[in-house]
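Observations on chain architecture
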Amino acid sequence: MEDFSEFVGLSRPTVSKYFNDPSSVRKKTRETIEVALKKSGFRPNLFAVNLNRRRTNIVGIIIPSSIDPFYMALTRRIEALATEAGFFPLVLSTDGQADLEDRAIRTLKSLNVAGAIIAPLGVESHQRTLAEYGRSVPLVYVDSPLDDTSAFVGTDNEQSFRLIVDYLCRSGEPPSYLGMPDVNTNARTRENSYLDAMAQFGMTPHVLPVPKVRTWDFERFGFEETMRLAGSPNGLPTKTILCANDRIAFGGIAAAYKLGLKVGHGSNADIRIAGHDDHPLSRYACPPITTVAQNVSEIGERAVNMLLAMLGEADSERENFSPTGRFLLSGDLMLRESA
């Protein structure tokens, strides 16, 4: 920056002011700097500039999977809104691995980010690390909360499971529950939501026994567990399976096909399979999956606005978002042929 300031013939503060906001300098000065940029090819190092600031304009985003459609859609929404607010979004994926989540946290610390939006894995040691980090940097959690007091935006699992359990109980045999691998707090929250809903409707719950594993290969998990459970001598306790998410339901439907079971509702069907999340491909499965849709767009918007409020950057024209608290958004029932 000093070398470029000397090259252009202006003071470093003036040049720095231009890079922070080109419109903040006079038109003639701006034109002089832009001509010098073309001649010299100089570009400031964004990360080095931010490290010299008391607070950077980088917003960190940590997600557990960059190929999961839910997180892909959520990330795109957060990136767009953060960029619109004048921040540089930096996305890090942990690939569902605790060591990569630890590295991502350390990376955000080293870059002195202004704040972060995180979908945590729920690893106990990292909960302490993130809680400590959150005392110095604003953090907002999405999809699964860190704890009961952290700033969080996500789906109201109690409402969404009550919605689909009610439908499944009214339209056929009450559902058994095929849970998800223990990869984050959603695994326990969704199972508890199923149990609460079944109790509320006076039904006997059936949580299918599955191994305690930590894998994000949900489709394989759903396929293998449905093959094992449905193909066992005792079979399934009911002819309806409610899966913790749509990706597990994909595997369940594939297993049913392999076992020669017809999935659907009506007297000619052998089994009903429902999911949760409204995966983008769930409507194109065979048969299309009955599920509950999460409002991904609003989750992203509320998370960004909550973080901006915590940073003191909330736009007066925006809705008045509290800098702390929990926003639980309702799901919408999507009725299709699988159940």
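Given the structure is predicted, the values throughout are model-derived calculations rather than measurements.

It is worth spelling out the overall build of the protein at this point. A count of helices and strands for the protein gives 12 helices and 11 strands. Across the protein, contacts joining residues at least 24 apart in sequence account for 70% of those joining residues at least 6 apart. Total accessible area computed for the protein in this model is approximately 16,600 Å², and 49% of it derives from carbon and sulfur atoms. Within the protein, the 41 negative side-chain charges are centred at a point lying 5 Å from the centre of the 37 positive side-chain charges.

This part covers the packing of helix 8 (residues 157-171) against helix 9 (residues 186-200). Across the interface, helix 8 lies against helix 9 with an axial gap of 8 Å and an inter-helix angle of 45 degrees. By the criterion of interaxial angle, the relationship of helix 8 to helix 9 is oblique. Of the two possible hands of crossing, helix 8 and helix 9 adopt the one that is right-handed. Packed against helix 8, whose contacting residues are Asn157, Glu158, Phe161, Arg162, Val165 and Cys169, the element helix 9 presents Asn186, Thr189, Arg190, Ser193, Tyr194, Ala197, Met198 and Gln200 at the interface. Looking at the contact of helix 8 with helix 9 residue by residue, the class counts come to 6 nonpolar, 5 polar and 3 charged.

Each strand in a sheet pairs with another by means of backbone hydrogen bonds, the pair being arranged parallel or else antiparallel. Strands sit in the order 2-1-3-4-5-10 across an open sheet of 6 strands; the sheet is parallel. Because the sheet does not close on itself, it has two edges, and the strands there are strand 2 (88-93) and strand 10 (326-329). With direction set aside, neighbouring strand axes in the sheet form an average angle of 15 degrees. The sheet contact formed by strand 1 (residues 58-63) and strand 2 spans 6 bridges and is parallel. Note that in strand 2 the partner of Gly60 across the bridge is Leu90. In the packing of helix 5 (residues 69-84) onto the sheet, contacts are made with strand 1, strand 2, strand 3 (115-118) and strand 4 (139-142), and the angle to strand 2 comes to roughly 160 degrees.

This brings us to the environment of Leu130. Considering the arrangement of structural elements, one finds Leu130 in helix 7 (residues 124-133). We classify Leu130 as buried; its relative accessible area is 2%. Residues Leu130 and Ile105, 25 residues apart in the sequence, show an inter-C-alpha distance of 7.8 Å. With residues up to four places along the chain from it excluded, the contact list for Leu130 reads Ile105, Ile118, Pro120, Leu139, Tyr141 and Leu146.

So, on to the environment of Asp277. Note that Asp277 resides in the loop between strand 8 (272-274) and strand 9 (291-293). The class of Asp277 is buried, set by a relative accessible area of 19%. As a C-alpha pair, Asp277 and Thr155 span 122 residues in sequence and 9.3 Å in three-dimensional space. Those residues in contact with Asp277 that sit more than four places away from it in its chain are Arg190, Asn245, Asp246, Thr291, Val292, Ala293 and Gln294. Here the side chain of Asp277 touches Gln294 through a polar contact of 3.0 Å, side chain to side chain.

Read from one edge of the open sheet, 3 strands run 6-7-8, paired in parallel fashion. The open sheet has two edge strands with one neighbour each: strand 6 (176-178) and strand 8. Averaged over neighbouring strand pairs, the angle between their axes works out to 25 degrees when direction is ignored. Pairing of strand 6 with strand 7 (residues 240-243), which is carried by 3 bridges, proceeds in the parallel orientation. When the sheet's bridge partners are listed, Tyr177 is paired in strand 7 with Leu242. Sheet contacts for helix 8: strand 6, strand 7 and strand 8; angle to strand 7, the most-contacted strand, approximately 170 degrees.

Scoring rules and cut-offs
- Residues numbered from 1 in each chain as written.
- Predicted model: local features only at pLDDT ≥ 70, side-chain atom pairs only at ≥ 80, totals over all residues.
- Heavy atoms only, no water.
- Helix = DSSP H or I, 4+ residues; strand = E, 2+ residues; numbered from the N terminus.
- Contact = heavy atoms within 4.5 Å.
- Areas by Shrake-Rupley, 256 points an atom, 1.4 Å probe, with all protein chains shown as cover.
- Lys, Arg positive; Asp, Glu negative; His and termini not counted.
- Charge placed at Lys NZ, Arg CZ, Asp CG, Glu CD.
- Axes fitted to C-alpha atoms, helices over the stretch in contact; angles between N-to-C directions.
- Parallel < 35°, antiparallel > 145°, perpendicular 65-115°, else oblique.
- Left-handed = near helix turned anticlockwise from the far one by under 90°.
- Nonpolar A, V, L, I, M, F, W, Y, C, P; charged D, E, K, R; others polar.
- Pairing = 2+ DSSP bridges.
- Buried < 20%, exposed > 50% of the residue type's maximum accessible area, 1.4 Å probe, protein only.
- Polar contact = N/O pair within 3.5 Å; in protein donor to acceptor, adjacent residues only side chain to side chain.

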